[in-house]
2 protein chains.
Amino acid sequence: MVNSEQDQAAKKRRLLREHVYNGVKGAIIGGDFQPGRRLIEEKLAADMATSRTPVREAIQKLEKEGLIYKLPKSGFAVKPVTEEEVEEILGLRSVLEGYAGFLATSRITDIELKQLDEIIAKEDECLKNLNVDEFISLDGEFHDVLYKAAKNSRLYSLLNDLRDYMYRYRVIILHYQRKLHLAVQDHKEMLESIKAKCPRQVEKLVRKHVGRGKEIIKKKIKQGQQARVW
Amino acid sequence: MVNSEQDQAAKKRRLLREHVYNGVKGAIIGGDFQPGRRLIEEKLAADMATSRTPVREAIQKLEKEGLIYKLPKSGFAVKPVTEEEVEEILGLRSVLEGYAGFLATSRITDIELKQLDEIIAKEDECLKNLNVDEFISLDGEFHDVLYKAAKNSRLYSLLNDLRDYMYRYRVIILHYQRKLHLAVQDHKEMLESIKAKCPRQVEKLVRKHVGRGKEIIKKKIKQGQQARVW
DNA sequence: GGATCATTAATTGTATACAGTGCATTTTTG
DNA sequence: CAAAAATGCACTGTATACAATTAATGATCC
């Protein structure tokens, strides 16, 4: 096929507004769009090879998601990464993910249990080989399986939105390689309590697990702010 | 002033997309737009005396909020009210509101405490006079003060979105007048634990409080579905 | 009479056009 | 030279136009 590339591109942007949404979101999360940067509709439209209409639709979704905010006069800008933000996002994530753990404990299938087993095994591998990138990806998978196992679609989409924020902090997380083994330890404990069918215990463990991450990131941002990294 | 009416209208729709958003949302929550009803852009635009562009922006926000959903081929329709929906929404609300109670316990101001006292006093009044509408409004106020007291903006907006759903069930709630005194009782207990500075206890009470509502509504919907009310 | 397909109408998706607003820079005025 | 006014530019908010899809209608055939 000559136009396989075009096909792929066409598939991705079946709906231009979603293409724009994903593109801008990726740019914010990936740090290409720095906090405070204003979104110029026509510029985005040009970048995405489209017109302003889909851009405007994407902007509404991004605002509802909290990645951008309405400027006082007009237009939108990328939200800054502040310590309060992290406190809010991870506080919420801790509670919601705890709830997901609680629900998952009674609703998880054998297949999902097996998946978690396998992910943890791979995490152990990564720890040995100091493969941090792969570890982060596995960590994501672990949490995704947990979210799905809760069988609550709304919870799932909320948690995914919150987790996307994490990628904004990934620079920080990468600096904390030494603590990765703690994460695996947490995962193991969580899985054990799920298997033991103790929902309250799972909820508690998940909250602790996310809460730990919160404190690390907050601390790092506080240092960073002093050092004017942000 | 001759044009005070126009001024007011102009103020409300400073941004047409928000006017449309509020209008459609109100229609869905109020039951004017029945579940399953398809949203026709041009029709909405005509109703709101505007064009399709702001309508499309509003639609994106409504979808992200979960009040409408994308139809398989194209377009959007109002989400149905199902038992699973209620389970999801109120399950989430129970957890998030519990967290709000937890946070509020340490962050609440004296002014907010006083407001809660006053609301409960008024609720007692309504109970005596069997003033149900007023009671529901007061219940809303109580929860709103609690949300605000938590000082977490993201939590606040999530809870407000979830609470808006409640209005879709208000028909059901109105049929449960006998149980209203239980709600006041719950409010009193919650406030007591807040004053006693026991965050975990508050969280537990709030979860129980919302959980009770969940079961009542679910039960009623199950009956209603059999009776083809929905 | 019912299934199939062509034709037409609705509706969405996308692009563009235009008016209004705010902002910066320049120009005018005292 | 400073303050005010005017000009031009960039951008948003809104409306409209056009193309592509989807849904509806009706004609045709067996």
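Residues numbered from 1 in each chain as written. Chains lettered and ligands numbered in written order. Predicted model: local features only at pLDDT ≥ 70, side-chain atom pairs only at ≥ 80, totals over all residues.

Things to note about the protein's contact with DNA strand D
Here's step 1: A:Glu41, A:Ser74, B:Leu16, B:Thr50 and B:Ser51 are the nearest of the 17 residues found near DNA strand D.
Here's step 2: Listed by contribution, the elements that provide at least two residues to the surface near DNA strand D are helix H3 (41-47) of chain A together with helix H2 (16-29) and helix H4 (52-65) of chain B.
Here's step 3: Top contributing element to the surface near DNA strand D by residue count: H4(B), with three residues.
Here's step 4: Taken together, the residues of the surface near DNA strand D break down into five nonpolar, seven polar and five charged. (Near = placed C-beta within 6 Å. Helix = DSSP H or I, 4+ residues; strand = E, 2+ residues; numbered from the N terminus. Nonpolar A, V, L, I, M, F, W, Y, C, P; charged D, E, K, R; others polar.)

Describing the interface of chain A and chain B
Here's step 1: Taken together, the contacts link 19 residues of chain A with 19 residues of chain B.
Here's step 2: Elements supplying a minimum of two residues to the side of chain A that touches chain B: helix H4 (52-65), helix H5 (83-107) and helix H8 (153-166) of chain A.
Here's step 3: Across the side of chain A that touches chain B, the residue classes tally to six nonpolar, six polar and seven charged. (Contact = placed C-beta atoms within 7 Å.)

Section: unusual backbone geometry
Residue and element names in this part refer to chain A.
Here's step 1: In this structure, Ala 49 takes a positive phi of about 55° despite not being glycine.
Here's step 2: Position of Ala 49 relative to the elements: it lies in the loop between H3 and H4.
Here's step 3: For Ala 49, a count of 11 C-beta atoms within 10 Å puts it in the exposed group.
Here's step 4: Notably, Lys 197 is not glycine yet its phi reads approximately 60°, a positive angle.
Here's step 5: Note on placement: Lys 197 falls in the loop between helix H10 (180-195) and helix H11 (199-226). (Buried ≥ 20, exposed ≤ 12 C-beta atoms within 10 Å, placed from the backbone.)

Some remarks on the packing of H2(B) against H4(B)
Any two packed helices are characterised by the angle at which their axes cross and by the distance between the axes.
All names here are of chain B.
Here's step 1: Contact pair H2 / H4: the axes reach a minimum separation of 8 Å and the direction vectors enclose 55°. Overall, the two elements H2 and H4 adopt an arrangement that is oblique. Crossing geometry of H2 relative to H4 is assigned as right-handed. On the side of H2, the interface is formed by Leu 16, Arg 17, Val 20, Tyr 21, Val 24 and Lys 25, while H4 contributes Pro 54, Val 55, Glu 57, Ala 58, Lys 61 and Leu 62.
Here's step 2: Each residue belonging to the contact of H2 with H4 can be placed in one class, and the counts come to eight nonpolar, no polar and four charged. (Axes fitted to C-alpha atoms, helices over the stretch in contact; angles between N-to-C directions. Parallel < 35°, antiparallel > 145°, perpendicular 65-115°, else oblique. Left-handed = near helix turned anticlockwise from the far one by under 90°.)

Looking at the environment of B:Asp164
Residue and element names in this part refer to chain B.
Here's step 1: As for its placement among the helices and strands, Asp 164 is situated in helix H8 (residues 153-166).
Here's step 2: Since 16 C-beta atoms lie within 10 Å of it, Asp 164 is described here as partly exposed.
Here's step 3: Residues Asp 164 and His 143, 21 residues apart in the sequence, show an inter-C-alpha distance of 12 Å.

Side note on the protein's contact with DNA strand C
Here's step 1: Around DNA strand C lies a shell of 17 residues, among which A:Leu16, A:Thr50, A:Ser51, A:Thr53 and B:Glu41 are the nearest.
Here's step 2: For the surface near DNA strand C, the secondary structure elements donating two or more residues are helix H2 (16-29) and H4 of chain A together with helix H3 (41-47) and H4 of chain B.
Here's step 3: With three residues, the top contributor of residues to the surface near DNA strand C is H4(A).
Here's step 4: Here the residues of the surface near DNA strand C are counted per class, giving five nonpolar, six polar and six charged.

Points about the relation of the copies chain A and chain B
Here's step 1: Once chain A has been moved 0.0 Å along the axis and rotated by 180°, it coincides with chain B to within an RMSD of 0.0 Å. Those values place the two copies in the arrangement expected of a two-fold rotation axis. Closest approach to the rotation axis within chain A is made by the C-alpha atom of A:Glu57, at a distance of 2.5 Å. (Least-squares fit on C-alpha atoms with pLDDT ≥ 70 in both.)

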